[in-house]
Every structure is written in structure tokens, then in C-alpha cells.
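# Structural overview
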Amino acid sequence: MGTFAERFAELVEVRAARPAAVAQAAARRARAAAPPGRLLIIAADHPARGALRAGNDPLAMGNRADLLERMCVALARPGVHGVLGTPDVIEDLLLLGALEGKVVIGSMNRGGLAGAAFEIDDRFTAYTAPAIAGARLDGGKMLLRVDLADPATARTLEACARAVTDLAAHGLMAMVEPFLSSREDGGRVRNVLTPEAMIHAVSIASGLGATSAHTWLKVPVVDRMEEVMAASTLPALLLGGEVLADQDAALAGWKAALALPTVRGLVVGRSLLYPPGGDVAGAVDAAAGLL
């Protein structure tokens, strides 16, 4: 296999000299067997939206070699079932041979760049449903931030509904990550993480598309999670969010929410890839132990 530095150098060379290798790797990849009862997915679709911060480092996810090495460590740990990412990250991992037998979810709308004036108008700039099906992935994920004061919300709602319908037509999971959001005085978009806001967000997301048969939700852990999750019968995965100094508190929150009947696992990125102390394997193992 060689060192990761050697594998990364080979990846860069293949990218330049043999672009067809991406499609070839996707075609021969061994797909995951039937999904287990609980899922642990490693997320890394933040960079495409310009959200590179992890903990105190504003550019943590901006070093692709470092990010990929962390992801390869995480994906190799027992109990990790798959990955969520944009085409560039997924294709890097395909060429590194890190996705054999894994569940792979393609991230679809990354156009609502972090900090942009148009952030709520979250355009679909990455995977499409046909591309996800063509690459033999297992589903698509979309971010849905509903700002009742921003007319651009309507376009994002419509686009997400269309994506849910299109993915279902291919028999693929549509993973919807919903929030009620608002702009602070300085213009920054903030997600409202009260139980009441999340109940509204879950209710809105559950009704998107021509069918909900293949829809899953991706939700944060907030207070009164039993009430939040009672807003829908759809299966849900818990997101990790920001890197917390108190990892034990994060684990405790995930553990409690995992006891709820519709909660089926975790989709975690920065919290596991950039944990306090830097022990990626240890952080991933602790999360996998909850399942």
C-alpha cells in the first residue's frame, strides 16, 4: 500500500494523467451490503461550501492531503459504514481505494456559501440524482435552511423537493438536513436550535417531494429530542456539528438521542476528524461504541 504520502502523490498524478480512472474506480467499487440497523457515516462536504473551520483552526479542512488522511483513518475503523461528501472528495477516496464495501452519500447543494449574501439561496452545485445513480452511490444529501424572512428560501425548498423526487425515482436515499435559520444584525446566517424550531424544520422537510418513501433526515441534537423526533416517522441520523472541547458531553447527547425509535445512527464530520487532542481513531471508536 505504501505510506499515505506515497498514495497521495499517486492520486495527484492519476488526477492529471488519467481522469477516466475516476469512472473506472466507481464502476468496479464493491458496494455496501444491506445497511445495518445502525449507521455511522463520516461527513466531509464542508469544504465545497467554503466552511473550512474545525475547532480553533479557520482553515483546518483546507489541506486536502491532511483531510484525506484523516478520512482514511476514520473509514478503516471497525463500525464505520460509509461517507458523505461532494464529488471531489468522493472521487479522491475512490482513487485511494477507501470506499470498498461502504455506504456512499453524495452531497448535492453547496451553493449557499458560508458567509455569502446569497447563502440561503442554496443552489445545487454538486451531485445530481442521475449522477449519483450513475456513479453507483447510495443516496444524496441536501441542506435545507428555512429563513422565513428571506424570499430565496422558496427556491431552495423547491430545489430540495425536486431532488427528493428525483432520488426516489432511482430508488435512492434522500438525506435532508433541515433547519429554521435567521440572519443576525451583522448579516451572518444562524441556525435556530430550539426544540420548537427543529419541530418546524423536521415537519417541513418530511413533506418535501412527490414521495417520502426514501427520505431520511439529518438532525442536530437539541433539548427535548423526544419531541423533535416525534414530529415525523422518517428515519433520522444525528449530525455532529462543531468540534466541542467536551467530547464526553457530545457522546452523552448522541447516546440519549440514539435511544429514540426513529434515530438510526450518526453522520459526523469535524467532531471525529478533528477531535481535541487529534486522536481520530479514538474519537471514531468512541462514536462507533454508541451503536
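Each value, and the rule that gives it
- Residues numbered from 1 in each chain as written.
- Predicted model: local features only at pLDDT ≥ 70, side-chain atom pairs only at ≥ 80, totals over all residues.
- Heavy atoms only, no water.
- Helix = DSSP H or I, 4+ residues; strand = E, 2+ residues; numbered from the N terminus.
- Rg over C-alpha atoms; globule rule 2.2 N^0.38 Å.
- Buried < 20%, exposed > 50% of the residue type's maximum accessible area, 1.4 Å probe, protein only.
- Contact = heavy atoms within 4.5 Å.
- Areas by Shrake-Rupley, 256 points an atom, 1.4 Å probe, with all protein chains shown as cover.
- Salt bridge = Lys/Arg side-chain N within 4 Å of Asp/Glu carboxyl O.
- Expected span 1.5 Å × (residues − 1).
- Axes fitted to C-alpha atoms, helices over the stretch in contact; angles between N-to-C directions.
- Parallel < 35°, antiparallel > 145°, perpendicular 65-115°, else oblique.
- Left-handed = near helix turned anticlockwise from the far one by under 90°.
- Nonpolar A, V, L, I, M, F, W, Y, C, P; charged D, E, K, R; others polar.
- Pairing = 2+ DSSP bridges.

Bringing the overall build of the protein into the picture now. Per the secondary structure count, the protein includes 11 helices and nine strands. Taken over C-alpha atoms, the radius of gyration comes to 18 Å for the protein, in line with the 19 Å a tight globule of 291 residues would show. Viewed in the frame of its principal axes, the protein has a C-alpha envelope of about 50 × 40 × 40 Å. The 291 residues of the protein split such that 51% are buried. Sequence separation of 24 or more characterises 69% of the internal contacts of the protein that already satisfy a separation of 6 or more. When the accessible area of the protein is evaluated, it comes to approximately 12500 Å², of which 55% is carbon and sulfur surface.

Let's shift gears to the side chain of His46. Position of His46 among the secondary structure elements: in the loop between β1 (39-44) and α3 (64-75). Not counting residues within four places of it along the chain, the set of residues in contact with His46 comprises Ala51, Met61, Arg110, Gly269 and Arg270.

Quick look at the environment of Val263 now. If you trace the backbone, Val263 turns up in strand β9 (residues 263-268). A C-alpha to C-alpha distance of 6.0 Å links Val263 and Pro235, two positions 28 residues apart in sequence. Discounting chain neighbours no more than four positions away, the residues touching Val263 are Arg38, Met229, Ala236, Leu238, Ala257 and Leu258.

What follows covers the pattern of salt bridges. Within the structure shown, the criterion is met by 21 salt bridges. Of the charged contacts, one joins Glu177 and Lys141 as a salt bridge, the two residues approaching to 3.1 Å between their closest N and O atoms. Taken together, the residues Glu177 in strand β5 (residues 173-183) and Lys141 in strand β4 (residues 139-146) connect sequence positions 36 residues apart. The exposure class assigned to Glu177 is buried, which follows from its relative accessible area of 8%. For Arg224, the salt bridge is made with Glu227, and the minimal N-O distance between the two is 3.0 Å. The class for Glu227 is partly exposed, based on a relative accessible area of 36%. Here the residues in one salt-bridge network are Arg15, Arg64, Asp88, Glu91 and Asp92, joined through shared partners.

Turning to helix α6 (residues 152-169), a few remarks are in order. For α6, which comprises 18 residues, the first-to-last C-alpha distance of 26 Å matches the rise-based estimate of 26 Å (1.5 Å per residue) to within 8%. The complete set of buried residues in α6 reads Ala152, Thr153, Thr156, Ala159, Cys160, Ala161, Ala163, Val164, Leu167 and Ala168. On its buried face, α6 is in contact with α5 (129-134), β4, β5 and β7 (215-219). A positive backbone phi angle near 70° is found at Gly171, which sits one or two residues after α6.

This paragraph deals with the packing of helix α1 (residues 4-17) against α3. Helix packing geometry: the angle between the two helix axes and the distance between the axes. Contact pair α1 / α3: the axes reach a minimum separation of 11 Å and the direction vectors enclose 120°. On the basis of their axis angle, the class for α1 and α3 is oblique. When you trace α1 past α3, the crossing you get is right-handed. On α3, the residues that touch Phe4, Arg7, Phe8 and Leu11 of α1 are Arg64, Ala65, Leu68, Glu69 and Cys72. Considered class by class, the residues forming the contact of α1 with α3 number six nonpolar, no polar and three charged.

This next bit is on the pairing of β9. The two faces of the sheet receive side chains in turn, since in a regular strand these alternate between them. The buried fraction of β9 amounts to five of the six residues, a majority that puts the element mostly inside the structure. With four bridges connecting them, β1 and β9 associate as parallel partners. Each bridged residue has a counterpart across the sheet, and for Ile42 the counterpart in β9 is Val268. When strand β8 (residues 236-239) meets β9, the two strands line up parallel, connected through three bridges. Residue pairing across strands places Leu239 opposite Val267, the latter belonging to β9.

Take the environment of Gly240 next. Along the chain, Gly240 falls in the loop between β8 and α9 (247-258). Sequence spacing of Gly240 and Ala44 is 196 residues, and the spatial spacing of their C-alpha atoms is 11 Å. Residues in contact with Gly240, not counting those within four places in the same chain, are Trp254, Val267, Val268 and Ser271.

Scope: geometric values only; no functional claims are made or implied.
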